[in-house]
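# Topology and contacts: notes
Take a look at the letters that make up each chain.
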Amino acid sequence: MSKEIPSQGSSLDIKKLLKSVLAYGSSDLHLVVGSEPQIRIDKELRALNLPILSAKDVEEMSYSLIKDTEKKEFEEHNELDFSFELKNIGRFRANYYRTIHGIACAFRMIPIDIPTLDEYGNPPVFKELIKREKGLILVTGPTGSGKSTTLASMLHEINITERRHIITIEDPVEFVHKNNKSLFSQRDVGSNTASFSAALKYALRQDPDIILIGEMRDAETIGAALTAAETGHLVFGTLHTNSAPGTINRIIDVFDGQEQAQIRAQLATSLVAVVSQTLIPKIGGGKVATQEILITNPAVQNQIREDKVHQIYSQMQLNQKETHMTTQTQELLELVKKNVITKENAIKNSNRPEELVKTMNLY
C-alpha cells in the first residue's frame, strides 16, 4: 500500500531533509536535477512533495556537507564516496556523481545503534560461526541487500562476548563500533589508507584477531584475504554475488587460469561459510532478509578443490539439520507459506525461479 508523503515545505536545507527522511524509515535519499527529492521505502522510490531541484539546489546542498579537500577530489574525478554523521540526526553513506544536468547525490541511511544477531533475526548458527579462530566468512548479495548490517551484527556480537582486536577496512566506514570487550581499529580507504590491498598487507603486522574487508574487489585483495584467513585470522568480507555457490566461482574467476588451482586449494582450506542474502518487501510493509547459507564441510571442501562447484548446491540440500545449511528456494518457500511475502515477490527475487515455481506447485 502506497504511503502518502506530506509536504516538507520549500526549505532545501539538506540536514533538515535527511532528518525528515529518517522519520519515514527510508533506506536511501536521491537528489537529481530536474526531479523532486526521492526516497526509497521497501525497495520502491517515492517522490517527496517538494520543489523540483535545480542544478544550483543540488550543488549547494551537496557542497554544504563536505570539506574543501573532498570538494577538490570530486571536481577532479566527478565521483566521491564518503560517510558522515549528523549530530542528533543519524549516520549516512554518500555518493556524489555527475550527470548531464549537474551534480547528483545518493545517501544511504546507516543505523547508529547496531543490532545484535538476535535483534536482526539471524539464525543461531551465526553465533557458532563467529567463534571460529580463523577462516573466511563471506556475506554476499546485490547492493542494498543488508550485507553491511549483517556483518555489523556479527562484529557487534563478538564485541559483547569476546576480547578480540578487530580491524575493519572499508570504503567508506559505515557502522561505527564502540569498544566493549573487543578493541576496534576502523580504517577508511582513501583517508586512512591508500587501498584495501595496502591495508591488508600491513594489517597482519597490527596484531589483529579479526579483519573485516568492506569489499573484495580485485585479485590482490582477495589473495591477501585468503592468506590472512590461512594464517590464523578470522576474515569477514563481501562480494556482489547472488548465490553461495556463485560466490565461489566469482572468486576463482577473478584469477588467471594458471593461478586458479592454487586459489581453489586455498578456498577449500580457508572458507568457513558464505551467506548470500536478499531483502524482500513484506506483506503490509517493511522488508525481510532471505539468507542462503553454505557452511563448508569435508564434502564441500573436496568439491571446491576438484573444481566441482556445480555439485555444491546439491550438497547444501542434504542433512540440513546437522549442517545448518539452507538454500534460497527453501527460505522463500517458507516465507510464502507463513504469509510474510507474496508469491510474486518470491519469484521476482529468486535466483532459481523455475525451481521455486516447481516447488511451490507441489504444495
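## Focus on the side chain of Thr326
- Checked against the element boundaries, Thr326 lands in the loop between helix 12 (320-323) and helix 13 (328-337).
- You can call Thr326 buried: its relative accessible area is 12%.
- Look past the residues within four positions of Thr326 in its chain and what remains in contact with it is Gln291, Glu292, Ile293, Met316, Gln320 and Glu331.

## Comments concerning the sheet that holds strand 1 (residues 28-31)
- Strands sit in the order 3-2-1-6-5-4 across an open sheet of six strands; the sheet is antiparallel. Two strands lie at the open edges of the sheet, namely strand 3 (44-47) and strand 4 (79-86), each paired on one side alone. In this sheet, adjacent strand axes meet at a mean angle of 25° when their direction is disregarded.
- Seen against the sheet, helix 2 (residues 55-63) touches strand 1, strand 5 (90-99) and strand 6 (102-110) and runs at an angle of roughly 45° to strand 6.

## Quick look at the pattern of salt bridges
- Tallying each qualifying case throughout the model produces 13 salt bridges.
- A salt bridge links Asp28 to Arg108; the nearest nitrogen and oxygen atoms lie 2.6 Å apart. Taken together, the residues span a long stretch of sequence, with Asp28 in strand 1 and Arg108 in strand 6 at a distance of 80 residues. Taken individually, Asp28 and Arg108 each receive the classification buried, so the pair is uniform in this respect.

## Structural notes on the sheet that holds strand 9 (residues 183-188)
- The seven strands are arranged 9-8-10-11-7-12-13 in an open sheet whose pairing can be described as mixed. If you trace the sheet from one side to the other, it starts and ends with strand 9 and strand 13 (287-295), each paired once. Across the sheet, the mean angle from the axis of one strand to that of its neighbour is 15°, orientation sign disregarded.
- Strand direction decides the pairing type here: strand 8 (residues 165-170) and strand 10 (residues 210-213), joined by four bridges, are parallel. Counterpart to Ile167 in the pairing with strand 10 is Ile211.
- Lying on the sheet, helix 13 is in contact with strand 12 (271-281) and strand 13; it crosses strand 13 at an angle near 150°.

## Quick word on the side chain of Asp57
- Tracing the sequence through the fold places Asp57 in helix 2.
- Setting aside chain neighbours within four positions, we find Asp57 in contact with Leu12 and Ile52.

## Some words on the confidence of the model for the protein
- Put simply, the protein has an average pLDDT of 92, and 97% of its residues get 70 or more.
- Across residues 1-11, confidence stays below pLDDT 50; counting only partners more than four residues off in sequence or on other chains, it has 21 contacts.

## Re the pairing of strand 6
- By the criterion of burial, strand 6 is predominantly enclosed, with eight of the nine residues buried.
- With four bridges connecting them, strand 1 and strand 6 associate as antiparallel partners. Within the sheet, the bridge partner assigned to Leu29 lies in strand 6 and is Phe107.

Rules used in this analysis
- Residues numbered from 1 in each chain as written.
- Predicted model: local features only at pLDDT ≥ 70, side-chain atom pairs only at ≥ 80, totals over all residues.
- Heavy atoms only, no water.
- Helix = DSSP H or I, 4+ residues; strand = E, 2+ residues; numbered from the N terminus.
- Buried < 20%, exposed > 50% of the residue type's maximum accessible area, 1.4 Å probe, protein only.
- Contact = heavy atoms within 4.5 Å.
- Pairing = 2+ DSSP bridges.
- Axes fitted to C-alpha atoms, helices over the stretch in contact; angles between N-to-C directions.
- Salt bridge = Lys/Arg side-chain N within 4 Å of Asp/Glu carboxyl O.
- pLDDT = per-residue confidence, 0-100.

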